[in-house]
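Summary of the model geometry
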Amino acid sequence: MIINNKLSRVCALAVLLGASLAVSAREQVTQAQIQRTGFGVPHIRANDERGLGYGIGYAYAQDNLCLLANEVVTVNGERARYFGPDQSTLEERNNLASDVFFNWLNTPAAVTAFWTAQSPQIQQRIEGYVAGYNRYLQEHGAPAQCHGEWVRPLVAGDLVKLTRRLLVEGGVGQFAEALVGATPPNASAAVQPDAKAFAVAAAQQQRFSLDRGSNAVAVGRDRSFNGRGMLLANPHFPWVGGMRFYEMHLTIPGQLDVMGAALPGLPVINVGFNQHVAWTHTVDTSKHFTLYRLTLDPKDATRYLLDGQSIPLDKTAVTVKVKQADGSVKEVSHTLYSSQFGPVVQWPGKLDWDAHYAFSLRDANLGNDRVLQQWYAMNRATSLKALQTSVQTLQGIPWVNTVAADDQGQSLYMNLSVVPNVSAAKLASCSDPRAGLQMIVLDGAHSACAWEVDPDAAQPGIFPADQLPQLQRSDYVQHSNDSAWLANPQAPLTGFSPLISQDRIGLGPRARFALQRLHSLGNRPIGVADLRNMVMDNEVYLAGQVMPDLLEFCAKRLAADAQALQPLCTSLKNWDRHANLDSGVGLVHFINLMNHLQPMPDAWRVAFDPAQPLTTPRGLAIDRAPVANALRAAMLASTADVAKRGLSATSTWGDVQLSGQTPIHGGPQELGIYNAMQSVPRADGEREVVSGSSYLQIVTFDDQGPHAEGLLAFSQSSNPASPYFKDQTQAFSGKTLSPLPFTEAQIHADPQYRQQVIQESSSPATP
């Protein structure tokens, strides 16, 4: 049933009353009301958890059925069965390797254990989601771009598998190829990733924090324009695939009223706001897994020594169905190995399995069955204290920080994710200091090197909440994917295990930009426009640190290359030092130059100084011959690159970076562009956005409740036939944030308002 604003309110009420009377005459009725406002944002209302899930699943299928169906095939380990073994996932992972990994991760026992651990409310919402999605699929079938036998009705286990995939994104999920490729010396395997697969996996690891980075600012009463809390949420997430956000508003009258964004298949809000609290997340720098170096039995490389005893590695046979060239399906069995510390992983040249050593990986989030309950509790938090208490108690946040503000004018930063309980002392005694802290490798020959078990922790082997960083302020907290150290420079967070947070290390340029911008506002009140401009004015922070040296080099040091490099130098001089659509080709040159120079350890004129973390490093050391030579070579290479791409002095950034045919502002986070956008070259010579600013929200509060503006940068629907496929992308291109209707009056007043009521007459049995 569809109702729009052209139908009188009296008629609408009569229709709804008639529907409710008919429903009351039946037993076990599940019903949901889906109200759509501008950009197709669904406001889903129901009287119980199953009904709410029913509406979520139906609305999501309307907008993203093909996306979810594809992810379900992936997490069920069925890609090789339907698409063949040689094709790849959206993440460029080989189908066969992906299937082996997900069949290992999502065993029936693991899925059942996760499901059993969920509260009745979560189970009901998942069951409703499944029923709503299936109803839409039954009514309308799959859209044209995903017709096929692989698109099927969901079961509750599918959503569990999607959730478990999310959990390991910060851990073993980055080592799928290494897990699948782990083979004893001189042995063969049914599935063996090649060098290209590991190269892609390494690139994906490096891009993890870029594709899933984020910015957040929470302002307290001392700095906000009205003495209430304010929140800027600017998560940077992939624009395609299983990590693509979906905007929605969920209401159970008298129990729940929350709006924000959720990941595919999750029936809760991940980033959002309710009547009293707004929150967001940023990917943290904490460790969520450790490696263990296994000392192997000299007589048998499939046995390892633990406290002097020889123990066999466990062997697990994983069977995958594989489509053959003639269309038939053949089963392929592959053996995986594990120790008591976790699965054995083998990465050629980095984690080798030879006659002496092998490596196991233990992922803390494999034991995290609290993640859905965590967001469920946050969605219902009636105060900042309630939100904080839920995170401290449940410890269900997998691999992100939490930044929040409330209507009482408080701001909060929490680095309360799931972190292995390895103290600094244990790290010193159980790891090789030469390995550094980028990847933690512990000694697997001694049980004393196992993670500590603290009775106060929500899960064996992780740090309890009271040993993790938290900071509540009445001025502000901020975060941009650095450690917890300087969430607010006035109150440094120090003294934690290196697995949790490290202090006295260089800040990323986005964090330095944010702290500089907040400082530049002085003591005047911070308003909505100030938070909006932090993202939308696209200042290139690093340009302010190095452009004087670049221009000096152009003026005095070009020598024999002066004529060849003059166009580049002119474009740098004319560039506005922003990443807006009308910013000149100088931005392209600047990106090219910094890509060459930033990896150089001695490129900075002033090196990082822990005593001056907000202003160092800075400047280019153009007086040093190696730096000068590298800069000149980078200038010549950039000149050739710009010419090859057909760019001219009149070209702009809007000609270069696009989503489809829509120009997109923002740029590389390595340059300190707060509106961090990751784009990749495409066949026509332009760059296609693949991740970056995703769900944007700016939330303030007054006596009437929350006031929010925002958008979903890649739009609500992934279906090209949908009117909501690129409408918000065009709004983002135009830097237009829209009010987010929250109250019933605001929703009904929206010019694009329309309503649909769906119901099922009899609730099926629990899957």
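For the structure itself, look to the data block above.
This section reports on the structure supplied with the text.

What counts, and where the lines are drawn
- Residues numbered from 1 in each chain as written.
- Predicted model: local features only at pLDDT ≥ 70, side-chain atom pairs only at ≥ 80, totals over all residues.
- Heavy atoms only, no water.
- Helix = DSSP H or I, 4+ residues; strand = E, 2+ residues; numbered from the N terminus.
- Rg over C-alpha atoms; globule rule 2.2 N^0.38 Å.
- Contact = heavy atoms within 4.5 Å.
- Areas by Shrake-Rupley, 256 points an atom, 1.4 Å probe, with all protein chains shown as cover.
- Lys, Arg positive; Asp, Glu negative; His and termini not counted.
- Charge placed at Lys NZ, Arg CZ, Asp CG, Glu CD.
- Disulfide = S-S within 2.5 Å.
- Buried < 20%, exposed > 50% of the residue type's maximum accessible area, 1.4 Å probe, protein only.
- Expected span 1.5 Å × (residues − 1).
- 1 Å grid on protein atoms, 1.4 Å probe; cavity = no way out; pocket = protein on both sides within 12 Å on 5 of 7 lines; lining within 4 Å.
- Points joined across faces, edges and corners; volume = space filled by probe spheres on them.
- Nonpolar A, V, L, I, M, F, W, Y, C, P; charged D, E, K, R; others polar.
- Phe/Tyr/Trp six-rings, centres within 6.5 Å; stacked < 30°, edge-to-face > 60°.
- Lys NZ or Arg CZ within 6 Å of the ring centre and 35° of its normal.
- Pairing = 2+ DSSP bridges.
- Axes fitted to C-alpha atoms, helices over the stretch in contact; angles between N-to-C directions.
- Parallel < 35°, antiparallel > 145°, perpendicular 65-115°, else oblique.

1. Considering the overall build of the protein chain
The secondary structure content of the protein chain amounts to 20 helices and 31 strands. Here the protein chain has a C-alpha radius of gyration of 27 Å; the compact-globule value for 767 residues is 27 Å, and the two agree. Here the C-alpha coordinates of the protein chain stretch approximately 85 × 70 × 55 Å along the principal axes. Sequence-distant contacts in the protein chain: of pairs separated by 6 or more residues, those separated by 24 or more amount to 69%. Put simply, the protein chain shows about 29300 Å² of open surface, and 52% of that area lies on carbon and sulfur atoms. Each charge class in the protein chain can be summarised by its mean position, and for the 59 positive and 67 negative side chains these summaries are 2 Å apart.

2. Concerning the state of the cysteines
Counting across every chain of the model gives three disulfides. Note on cysteine connectivity: C554 is disulfide-linked to C569, with sulfurs 2.0 Å apart. On the S-S bond that ties C554 to C569, the torsion sits near -80°, and the link is left-handed. Here C554, found in helix α15 (residues 541-556), pairs with C569, found in helix α16 (residues 562-574); they are 15 residues apart in sequence, far enough to count as distant. You'll find C554 and C569 in the same group, each marked buried. Sequence-ordered numbering of the bonded cysteines in the protein chain yields a pairing of 1-2, 3-4, 5-6.

3. Focus on helix α17 (residues 586-597)
The terminal C-alpha atoms of α17, which comprises twelve residues, lie 16 Å apart, in line with the 16 Å expected from a rise of 1.5 Å per residue. Those residues of α17 that are buried are in contact with α15, α16, β23 (618-620) and α18 (625-644).

4. Quick word on empty space enclosed by the protein
For the coordinates displayed, the defined rule picks out seven cavities of 30 Å³ or more. For the largest cavity, the calculated volume is near 140 Å³. Residue lining of the largest cavity: 15 residues in total, with F237, H281, W375, W399 and V400 positioned closest to the centre. For the lining of the largest cavity, the elements supplying multiple residues, two or more each, are β5 (230-238) and β9 (277-283). No other element matches β9, which puts three residues into the lining of the largest cavity. Of the residues contributing to the lining of the largest cavity, the split by class is eleven nonpolar, four polar and no charged.

5. Some points on the packing of aromatic side chains
Within a pair of aromatic rings, the relevant descriptors are the distance that separates the centres and the angle that separates the planes. Taken as a whole and judged by the stated rule, the model has 16 aromatic pairs. Considering the side-chain rings of W239 and F732, the 6.4 Å spacing of their centres and the 70° angle between planes classify their relative orientation as edge-to-face. Separated by 493 residues along the polypeptide, W239 in the loop between β5 and β6 (246-252) and F732 in helix α19 (residues 727-733) bring together distant segments of the chain. When its relative accessible area of 4% is taken as the criterion, W239 is described as buried. Look at F732 and you get buried, because its relative accessible area is 0%. Taken together, the ring pairs connect F175, F198, F289 and W347 into an aromatic cluster. Taking NZ or CZ as reference, R293 lies 4.2 Å from the ring centre of Y357, over its face. Directly above the aromatic system of W451 lies the positively charged group of R362, at a separation of 3.8 Å from the ring centroid.

6. Examining the environment of D609
Structurally, D609 is set in the loop between β22 (604-606) and β23. For D609, a relative accessible area of 27% translates into the label partly exposed. In this structure the C-alpha to C-alpha distance between D609 and G506, which are 103 residues apart in sequence, comes to 8.0 Å.

7. Quick notes on the pairing of β5
With respect to burial, β5 is a largely interior element, nine of its nine residues being buried. The pairing of strand β4 (residues 214-219) with β5 spans six bridges and is classified as antiparallel. Its bridge partner being in β5, N215 is matched across the sheet by N234. Where β5 meets strand β28 (residues 695-702), four bridges bridge the pair, whose relative direction is antiparallel.

8. Description of the packing of α16 against α17
Geometry of a packed helix pair, given as the angle between the helix axes and the separation of the axes. Interhelical geometry of α16 versus α17 gives an angle of 105° and a closest axis separation of 8 Å. For the element pair α16 / α17, the angle class is roughly perpendicular. Touching L568, S571 and L572 of α16 are G586, H589, F590 and L593, all from α17. Residues belonging to the contact of α16 with α17 are distributed by class as follows: four nonpolar, three polar and no charged.

9. Side note on the environment of V271
With respect to the helices, strands and loops of the structure, V271 is situated in strand β8 (residues 271-274). Looking at V271, the relative accessible area reads 2%, which means it is buried. As a C-alpha pair, V271 and E247 span 24 residues in sequence and 9.5 Å in three-dimensional space. Apart from residues no more than four positions distant in its own chain, V271 is found in contact with A233, F245, M259, G260, A261, W279, T280, H281, Y695 and Q697.

10. Quick look at the side chain of S733
Within the fold, S733 resides in helix α19. Taking the relative accessible area as the measure of exposure, S733 reaches 12% and is therefore buried. Excluding residues that lie within four positions of it along the chain, S733 makes contacts with L581, T662, P663 and H665.

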